[in-house]
Amino acid sequence: EAQLVESGGGLVRPGGSLTLSCAGSGVTLDYVAIGWFRHAPGKEREGVSCITSSYSPSHAGAVKGRFTISRDNVKKTVFLQMSSLKPEDTAVYYCAADLDPIRATIPSSLQFEYDYWGQGTQVTVSS
């Protein structure tokens, strides 16, 4: 059974950096896409970044140029490097896996396309 566990969240000052990790178990990541989503209070959960099974990255406009997504299939880990953080980046960040081998080749922020979700890790950007 596939499981995802996020880690790396915490408190960071505006302008700071933070790297989140999404560790997978019970699944080979070779043919899956991994998406990062975030849910802030009072807002709908939104897509942040995605990396396809072929290592193609995609980012939401709000984080483009500031966030970088990468993956290590051997270590079964996906990373989200966040820099120049803003207070509006504050949210619970979730990673999710799309196990459909064909769909996983295409970047997507559609939540229903993702099969497994982690429990989330809190990121707070505040002075």
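Residues numbered from 1 in each chain as written. Predicted model: local features only at pLDDT ≥ 70, side-chain atom pairs only at ≥ 80, totals over all residues. Heavy atoms only, no water.

## Topic: the overall build of the protein chain
- Of the regular secondary structure elements, the protein chain holds 0 helices and 11 strands.
- For the protein chain, the α and β elements follow one another from N to C terminus as β-β-β-β-β-β-β-β-β-β-β.
- Over its C-alpha atoms the protein chain spans a radius of gyration of 13 Å, differing by no more than 12% from the 14 Å that the globule rule assigns to 127 residues.
- Counting only C-alpha atoms and orienting by the principal axes, one finds that the protein chain spans roughly 40 × 25 × 25 Å.
- Counting every position in the protein chain, which comprises 127 residues, the buried fraction comes to 43%.
- At a minimum sequence separation of 6, the contacts of the protein chain that also span at least 24 residues come to 59%.
- The distance from the centre of the 11 positive side-chain charges to the centre of the 12 negative ones in the protein chain is 8 Å. (Helix = DSSP H or I, 4+ residues; strand = E, 2+ residues; numbered from the N terminus. Rg over C-alpha atoms; globule rule 2.2 N^0.38 Å. Buried < 20%, exposed > 50% of the residue type's maximum accessible area, 1.4 Å probe, protein only. Contact = heavy atoms within 4.5 Å. Lys, Arg positive; Asp, Glu negative; His and termini not counted. Charge placed at Lys NZ, Arg CZ, Asp CG, Glu CD.)

## Thoughts on the nonpolar core
- Counting 27 residues, the largest nonpolar core has L20, W36, F67, L80, M82 and Y93 as its most contacted members.
- Residue assignment for this core shows that the elements contributing at least two residues are β3 (18-25), β4 (33-39), β5 (46-51), β7 (67-72), β8 (77-82), β9 (91-98) and β11 (121-125).
- Of the residues forming this core, the biggest block, 4 residues, is contributed by β9. (Core = buried A, V, L, I, M, F, W, Y, C linked by side-chain atoms within 4.5 Å.)

## Some words on the state of the cysteines
- Evaluated as defined, the whole model comprises 1 disulfide.
- There is a disulfide in this structure between C22 and C95, and the S-S distance comes to 2.1 Å. Taking the sign of the torsion about the S-S bond as the criterion, the disulfide between C22 and C95, at about 70 degrees, is right-handed. Note that C22 is positioned in strand β3 and C95 in strand β9, a separation of 73 residues in sequence. Pair check on accessibility: C22 and C95 agree, each one buried. (Disulfide = S-S within 2.5 Å.)

## A closer look at the pairing of β5
- Burial of β5 is extensive: 5 of the 6 residues sit out of reach of the surface.
- As judged from the 5 bridges shared by β4 and β5, these two strands associate in the antiparallel manner. Within β5, the position partnered with F37 by the bridge is G47.
- Adjacent in sequence and paired antiparallel, β4 and β5 are bridged by 6 residues, among which G42 carries a positive phi angle near 80 degrees.
- Where β5 and strand β6 (residues 57-59) come together, 3 bridges link them in antiparallel fashion. Looking across to β6, one finds that I51 is bridged to P57.
- Hairpin connection of β5 to β6: 5 residues between the antiparallel strands, including Y55 at a positive phi of 70 degrees. (Pairing = 2+ DSSP bridges.)

## Section: the pairing of β9
- Counting buried positions along β9 gives 7 out of 8 residues, so the element sits mostly inside the fold.
- Strand direction decides the pairing type here: β4 and β9, joined by 7 bridges, are antiparallel. Across the sheet, A33 pairs through a bridge with D98, a residue of β9.
- With 3 bridges joining them, β9 and β11 adopt antiparallel strand pairing. Bridged to V92 within β11 is Q122.

Treat this as a map of the structure, not an account of what it does.
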